[in-house]
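Report on the structure
Each chain, written out:
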Amino acid sequence: MLLLKDIKQTSLALSMGLLVSFSALADNTVDEQNRAKFANQYQSWLATEEQSEREDMLAAYPASIILWAGSAYAKEYNSPRGHQFAVADVTHILRTGVSVEEGKKGLSASCWTCKTPDAPRLMNEMGVEGFSDANFADLGTEIKSVVYCSDCHQEGSEKLALPRPHAQDAMAKIKLPFDKQNTTMQGAQVCGQCHVTYYFQPERHDKVNIPWIFGSTADDIEKYYDTRRFYEWIHPISRTPILKARHPEFEHWSRSEHAEAGVTCITCHMPPATDAKGAEFTNHKVGNALDSFDSTCKACHSSQKTIEKTLQNHKKSIDAKAREVENLLVKAHFEAKAAWDAGATWPLMNDAIMGIRHSQWRWDFAMSSHGLYAHNPQEGHELLDRAIKQVTMARQLLAMVLKQLDVEKVDYPDVSTKQKAQAAIGFDEAAAKKDKQAFIKQQVDKYWDPVSKIGYNN
Ligand code: HEC
Ligand code: HEC
Ligand code: HEC
Ligand code: HEC
């Protein structure tokens, strides 16, 4: 039903020469209702804008630039921050590039899938594969909201919902269909729509798929990819068919002692809070779990100091192992290059290349899982230990190949800083930034919704 207020807004907007569609109007009404009816949840949801800090991961771990050479990950990669930035960050990051000429195939719109409720809306309107077949930049003007109430709830209600088809499919694959779960598991699954590893299915127009046919461990997923001979890109240095993991937080949590004890993402990242009048509500400022130790952890762990110390120890040892794998993998990629350059053939190289592929997959499955040291440090250690074994084996095989081909010396790049590592793979950051800024100025600033600028307003 069109309310009088909306009609006034329509004529006002039209008189200002703005294009306002009816669906956008309906959205505004729903948003006003949510804001009025669920003030505490709404205001705390908005407050994720306070979590604006993030880390440049490529600067922190420059060796990863070599491992991701040949993909957009080597261009820019940051740690996650508050949900309010989801749309603006994916818009501005060098990884998503600029728009392509009309009629050309660019980056898939699937990159919007986990940033906005407009993604499931567009999937309904265009069909899942119609949506994923579109270009990322071409749908920019359609994106009007960051991670929103309707990403986790039925519209206008507190009942939980799972609007993304890929997530519905995935939960059914692991025999935990959303509709059959209690609210505790449903809470974790709403986060698992986005905080989960995925790939774009090439034979289905880049539709998002969660590779859990055999299960959700690194071994299960690798088996799926290997059976399908799938790869994301061919590594330009070593010719390895690379697998890429993406934030498998749900997977790691699901195998943790906390999951077993019924402690979910919601327990730790959305604890109960009380408003000024004493009414209880779920804090929707999804953020650092330790900021509210008393309401999140204290029921089961009495000492904050002890827990923080344990977490720091896990973080340190996992980080150290990850740096070790990175350094070994950089060497392996360049040793493979030296072997190819000296005339090596696939029969000679196959096992070593598969070793690099499998080692890097496990490293990535650990490193792209934000908060792994807190969610499942045991699995983190296991993954990295296996990765070290696999890359060490690959390097032994490569050493034999190099010997056979009389290669005496391998040149390794200097990867001590982001600039040096990017130079080693021939990436010109300044040029990429210039192109991106032009795109932002000519398209985003002019035609896209203000949500695409949150955090970039000055
Ligand atoms: C990222 C997912 C997510 C988003 C986004 C989200 N919610 Fe929630 N919401 C939850 C979860 C999970 C619960 C807790 C369910 C439970 O355990 O009972 C919850 C609980 C609620 C409740 C029940 C009362 C309470 O506080 O526990 C209301 C009402 C609610 N949300 C409203 C909203 C509104 C309004 C928005 C948008 C401003 C919103 N939610 C955005 C996940 C979300
Ligand atoms: C629709 C997709 C989506 C859903 C659903 C979602 N997230 Fe996120 N989440 C994101 C994205 C995208 C980011 C990174 C945003 C950025 O850095 O711009 C993020 C960031 C985060 C962060 C980092 C916050 C910070 O300040 O560093 C945490 C923690 C988090 N999410 C937890 C959760 C939890 C818990 C749930 C379930 C209640 C959830 N998310 C549901 C997409 C989602
Ligand atoms: C036992 C409590 C606990 C549970 C359960 C839990 N987390 Fe976390 N999570 C943490 C802690 C502690 C950290 C590290 C400190 C921080 O950033 O909150 C963290 C970190 C994160 C981060 C990285 C934040 C950043 O800025 O780097 C994300 C994203 C995240 N968790 C999402 C999830 C999701 C999604 C789930 C459920 C599938 C989940 N967490 C389950 C405690 C928990
Ligand atoms: C409902 C109970 C519960 C809550 C809430 C809970 N935990 Fe736990 N936690 C457990 C259980 C059970 C274990 C496994 C047994 C053990 O080590 O005590 C565990 C283990 C841990 C461990 C591993 C301990 C070790 O010595 O290796 C850490 C670290 C931890 N929790 C951190 C947290 C943090 C941080 C929070 C809050 C953000 C939290 N937990 C909330 C129940 C809980």
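These numbers come from a predicted model, not from an experiment.

Let's talk about the overall build of the protein chain
Within the protein chain, the regular secondary structure consists of 22 helices and six strands. For 458 residues, the compact-globule estimate of 2.2 N^0.38 gives 23 Å, and the C-alpha radius of gyration of the protein chain, at 24 Å, lies within 12% of that figure. If one aligns the C-alpha atoms of the protein chain with their principal axes, the spans along those axes are about 80 × 60 × 40 Å. Each of the 458 residues in the protein chain was classed as buried or not, and the buried ones make up 37%. Within the protein chain, residue pairs in contact and separated by at least 24 positions form 74% of the contacts whose partners lie at least 6 positions apart.

Quick notes on helix 7 (residues 118–126)
Looking only at helix 7, the buried set comprises Asp 118, Ala 119, Pro 120, Leu 122 and Met 123. Those residues of helix 7 that are buried lie in contact with helix 8 (128–133) and helix 10 (165–173). Directly after helix 7, the chain includes Gly 127, whose backbone phi takes a positive value near 85°.

Points about the site of ligand 2
Surveying the vicinity of ligand 2 reveals 24 residues, the closest of which are Gln 51, Phe 85, Asp 89, Cys 191 and Cys 194. Here the shell around ligand 2 takes three residues from helix 15 (residues 265–269), the largest share from any one element. Taken together, the residues that form the shell around ligand 2 break down as 13 nonpolar, seven polar and four charged.

Focus on the site of ligand 4
By nearness alone, 15 residues border ligand 4, and Glu 257, Cys 268, Ala 289, Cys 297 and Cys 300 come closest of all. Counting residues per element, the ones that place at least two in the shell around ligand 4 are helix 14 (257–260), helix 15 and helix 17 (304–341). It is helix 17 that contributes the most residues to the shell around ligand 4, three residues altogether. By residue class, the composition of the shell around ligand 4 is nine nonpolar, five polar and one charged.

Comments concerning the nonpolar core
Leu 329, Ala 352 and Leu 398 are the most contacted members of the largest nonpolar core, which totals 48 residues. Counting residues per element, the ones that place at least two in this core are helix 5 (63–67), helix 12 (218–227), helix 17, helix 18 (346–367), helix 19 (372–375) and helix 20 (377–404). Counting residues in hydrophobic clusters, the runner-up holds 40 residues, among them Ala 86, Leu 122, Ala 188 and Tyr 199.

A few points about the environment of Leu 67
One can find Leu 67 in helix 5. We classify Leu 67 as buried; it has 31 C-beta atoms within 10 Å. Linking Leu 67 and Leu 329, residues 262 residues apart in sequence, is a C-alpha distance of 7.1 Å. For Leu 67, the contacting residues outside a window of four places in its chain are Glu 326, Leu 329 and Gln 360.

Concerning the packing of helix 17 against helix 18
Following both chains from N to C, one finds helix 17 and helix 18 inclined at 155°, their axes separated by 10 Å at the closest point. By the angle class used here, helix 17 and helix 18 are roughly antiparallel. For helix 17 against helix 18, the interelement crossing comes out left-handed. Listed contacts from helix 18 to Ala 322, Val 325, Leu 329, Ala 332, His 333, Ala 336 and Ala 339 of helix 17 are Met 349, Ala 352, Ile 353, Ile 356, Ser 359, Gln 360, Trp 363, Ala 366 and Met 367.

Here's the deal with the confidence of the model for the protein chain
Parts of the model with low pLDDT should not have their predicted coordinates read in detail. Chain-level pLDDT for the protein chain is 94 on average; 94% of the residues reach the 70-or-more range. Confidence drops under pLDDT 50 across residues 1–22; counting only partners more than four residues distant or on other chains, this segment forms 10 contacts.

Details of the packing of helix 17 against helix 20
At a closest axis distance of 9 Å, the pairing of helix 17 and helix 20 adopts a crossing angle of 20°. Judged on the interaxial angle alone, helix 20 and helix 17 are roughly parallel. For the pair helix 17 and helix 20, the crossing hand works out as left-handed. A class-by-class count of the residues in the contact of helix 17 with helix 20 yields 18 nonpolar, four polar and five charged.

Quick notes on helix 3 (residues 39–46)
Within helix 3 the residues assigned to the buried category are Gln 41, Ser 44 and Trp 45. Viewed end-on, helix 3 has its buried residues packed into an arc of 105°, placing them on one side of the element.

What about the environment of Cys 265?
Positionally, Cys 265 belongs in helix 15. When residues no more than four places from it in sequence are discounted, the contact partners of Cys 265 are Gly 187, Ala 188, Cys 191 and Trp 253.

Here's the deal with unusual backbone geometry
As a rule of thumb, non-glycine residues mostly have phi less than zero, and peptide bonds are mostly trans rather than cis. Unusually for a residue other than glycine, Arg 229 sits at a positive phi of about 50°. Using a count of 7 C-beta atoms within 10 Å as the deciding quantity, one classes Arg 229 as exposed.

A short note on the environment of Arg 323
Its location among the elements puts Arg 323 in helix 17. When the C-alpha positions of Arg 323 and Leu 384 are compared, they lie 9.9 Å apart, and in sequence the two are 61 residues distant.

Rules used in this analysis
Residues numbered from 1 in each chain as written. Chains lettered and ligands numbered in written order. Predicted model: local features only at pLDDT ≥ 70, side-chain atom pairs only at ≥ 80, totals over all residues. Helix = DSSP H or I, 4+ residues; strand = E, 2+ residues; numbered from the N terminus. Rg over C-alpha atoms; globule rule 2.2 N^0.38 Å. Buried ≥ 20, exposed ≤ 12 C-beta atoms within 10 Å, placed from the backbone. Contact = placed C-beta atoms within 7 Å. Near = placed C-beta within 6 Å. Nonpolar A, V, L, I, M, F, W, Y, C, P; charged D, E, K, R; others polar. Core = buried A, V, L, I, M, F, W, Y, C linked by C-beta atoms within 7 Å. Axes fitted to C-alpha atoms, helices over the stretch in contact; angles between N-to-C directions. Parallel < 35°, antiparallel > 145°, perpendicular 65-115°, else oblique. Left-handed = near helix turned anticlockwise from the far one by under 90°. pLDDT = per-residue confidence, 0-100. Arc of directions from axis to C-beta.

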